[in-house]
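A look at the structure
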Amino acid sequence: MKKNIFIKLMFAAIVMLFANINVRGDEVTYVFSANYGDAIEVTSGTIVSGSISFTAQKNSAGTSPTVYTSGSTASIGLRLYGHSSGNGNSITFIPQNGAVITGIELTATSASYHPKTTYFIDDDGEGELTWFGLIGTLSGIEASTGLTIQNTVAGTTQLRFNTIKITYTPPSCSDAGLQFDVTRISKFEGDPNFTKVATSVNGSTGAITYTSSNTGVATVDNNGEVTITGAGTAAITASIAAAGTFCAAQASYTLKVYPGGVNAKTYSLVHNVSDLTDNAQYLIIGKKGSEYYALGWQKPNNRHAIEIPVENSEVRIGVATTVIANDEIYPYAITLKKSGSDWILFDEVNNENLTPATGDNNNHLKLTTEQVKWGITFSGDAAIINAKDNSTYKRNRLRFNDADVLFSCYKDGQEAVFLYKETVATPFSDVILTFNPANGATNVSVNTAVTITSPEPLRELGGSELTNSIDWTNIITFVGTSGTVAYTATVSDDKKVITITPSSALDHSETYLFIIENIADAEGKEIAAQDITFTTENETPASTNIRYVKQGGAGNKDGLSWANASDDLQKMINESQPTNQVWVAA
């Protein structure tokens, strides 16, 4: 009888998992290391490899890293915490399409990191995993629905291992070889739709469908077209149906959507003390491998780290404006306030200051109303940020802990931090609008429409799209001596041309004021309010009730005589009163 196996090894929950996967014959090996070359990233999602899927779960706090990459080679590997740590989640291996798991082999990083390990098989009781040196094995099993691993040792003893090898009996059908050509895609809020499809490299003709693990971040249709709905992380999964001799299968990639969109702020790397500005806002950033993390929400004793996109020493992102516990999306901007030659690190969202713990026992970074002074110097691009009262704050160096992926204060060690200063944008966009009629125009037809043309798409100030149905009175002001001009407004499909059409003919010999405001360019920068004036044509005297038109025109072409005949028949018709006549030369 095939059984569901549950191996208890009790586990720290997984925040972000990196693994290289090797599939050979009827086994699959997950390799956990500091080499991220072709790593697969899982955030509470699933790696699918051949006939086995591997599901990783976070712990209750959502903060413990899984792959430990600091220190000696012997320390590098998947890290599973002890039972009493409170990190009690698990990793589960699930056979697919009728495959059956028959054995497992774990390779510990060192003798210090393979404590006594137990397991139990469904309802048949518990037993101990067999260890041969650094190798822990379990064989002769038949797990048809899942094999789950946890660390049940009391205390803080960790289990760390470099590899997990799963042996299994393959299903009767063949692997469809379903795959995407990427493992991760990064986007921003407001980015346009994109399409990414999976293919069966082995030639299965099964129907492929797509799903999103988080529709608050993105939705996906069955053509693989993705629509971004918010900031965060989602797994986009393709599923292919069984067809012919091929099994059903799945493949997935991670979609990371960074916050901000058109309202994002830009922060640039600070290189020296002279670049620091009183009351300016900064991101405090650390680096782990090729990835960057910014100081995030306040945990009980330190600050969470939020993964952010940094390119060419610059990051553009939305920042926190309200406190959200366990927030994995928004970094916090910290205000530097000058205090003599030192600085106070003020968290405006929490309305308190950053401070280390007093005494010599704890690596803490907390919040307080006390105005703790910090000294800031630079070593290369790294910022050296130390609390100044060494008698009170002995663990006073603000550093980045890349192992636990957090910010705290230490005596020494840990990783450098970097300061990125908010770039104050130019107050207004440099987009130049073109008006017709032009500013100062005279003799303008009373039947004119006003057009505003932009070299790039326009939007409402604040980010909303321009449409024909919006309240244009917040954007367009159109007045004459007689009062406000009623009008209708339309915007072109490319959002570059706005046309304002008066509801009735304008008055003759009248000067009109036209104002456009509360609009922004494609990047969300405000376009300064602009106004023009123009004067309409004089009314045709009652005694002059004939308009004259001939080919090529004559004189000033005002059409009031043959000597000044117009060459524009339609214009003369438009400018005529109901009792006027239009004469056309043969």
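Residues numbered from 1 in each chain as written. Predicted model: local features only at pLDDT ≥ 70, side-chain atom pairs only at ≥ 80, totals over all residues. Heavy atoms only, no water.

1. Structural notes on the packing of aromatic side chains
Tallied over the full model, the rule gives 12 aromatic pairs. Residues Phe188 and Tyr258 carry aromatic rings whose centres are separated by 5.7 Å and whose planes lie at 45° to one another, so their mutual orientation is tilted. You can see Phe188 sitting in strand E17 (residues 184-188) and its partner Tyr258 sitting in strand E24 (residues 249-258), a full 70 residues away along the chain. When its relative accessible area of 24% is taken as the criterion, Phe188 is described as partly exposed. Considering the side-chain rings of Tyr512 and Phe534, the 5.9 Å spacing of their centres and the 25° angle between planes classify their relative orientation as stacked. Pair noted here: Tyr512 is in strand E47 (residues 511-516) and Phe534 is in strand E50 (residues 530-536), with a separation of 22 residues, a long-range link. In terms of burial, Tyr512 and Phe534 fall into one category: buried. Through successive ring pairs, a cluster of aromatic residues spans Phe435, Phe478, Tyr512, Phe514 and Phe534. Stacked on the ring of Phe194, the Lys or Arg Lys187 has its end atom at 4.8 Å from the ring centre. Here the basic side chain of Arg303 rests over the ring of Tyr332, its NZ or CZ set 5.1 Å away from the ring centre. (Phe/Tyr/Trp six-rings, centres within 6.5 Å; stacked < 30°, edge-to-face > 60°. Helix = DSSP H or I, 4+ residues; strand = E, 2+ residues; numbered from the N terminus. Buried < 20%, exposed > 50% of the residue type's maximum accessible area, 1.4 Å probe, protein only. Lys NZ or Arg CZ within 6 Å of the ring centre and 35° of its normal.)

2. Re the side chain of Lys196
Inspection of the secondary structure assignment puts Lys196 in the loop between strand E18 (194-195) and strand E19 (199-200). At a separation of 3.1 Å, a polar atom in the side chain of Lys196 contacts the side chain of Asp181. (Polar contact = N/O pair within 3.5 Å; in protein donor to acceptor, adjacent residues only side chain to side chain.)

3. Some remarks on the sheet that holds strand E46 (residues 497-502)
As summarised here, the arrangement of the 4 strands in space is E39-E41-E46-E45, forming an open sheet in which the pairing is antiparallel. The outermost strands of the open sheet, each flanked by one partner alone, are strand E39 (434-436) and strand E45 (487-491). When the angles between neighbouring strand axes are averaged without regard to direction, this sheet yields 15°. Note: strand E41 (residues 450-453) against E46, 4 bridges, orientation antiparallel. Counterpart to Thr451 in the pairing with E46 is Thr499. (Pairing = 2+ DSSP bridges. Axes fitted to C-alpha atoms, helices over the stretch in contact; angles between N-to-C directions.)

4. Section: the environment of Glu460
Take Glu460: it is sitting in strand E42 (residues 459-460). In this structure the C-alpha to C-alpha distance between Glu460 and Trp472, which are 12 residues apart in sequence, comes to 9.9 Å. If we ignore the near neighbours within four places in the chain, the residues touching Glu460 are Glu465, Leu466, Ile470, Ile475, Asn518, Ile519 and Ala520. (Contact = heavy atoms within 4.5 Å.)

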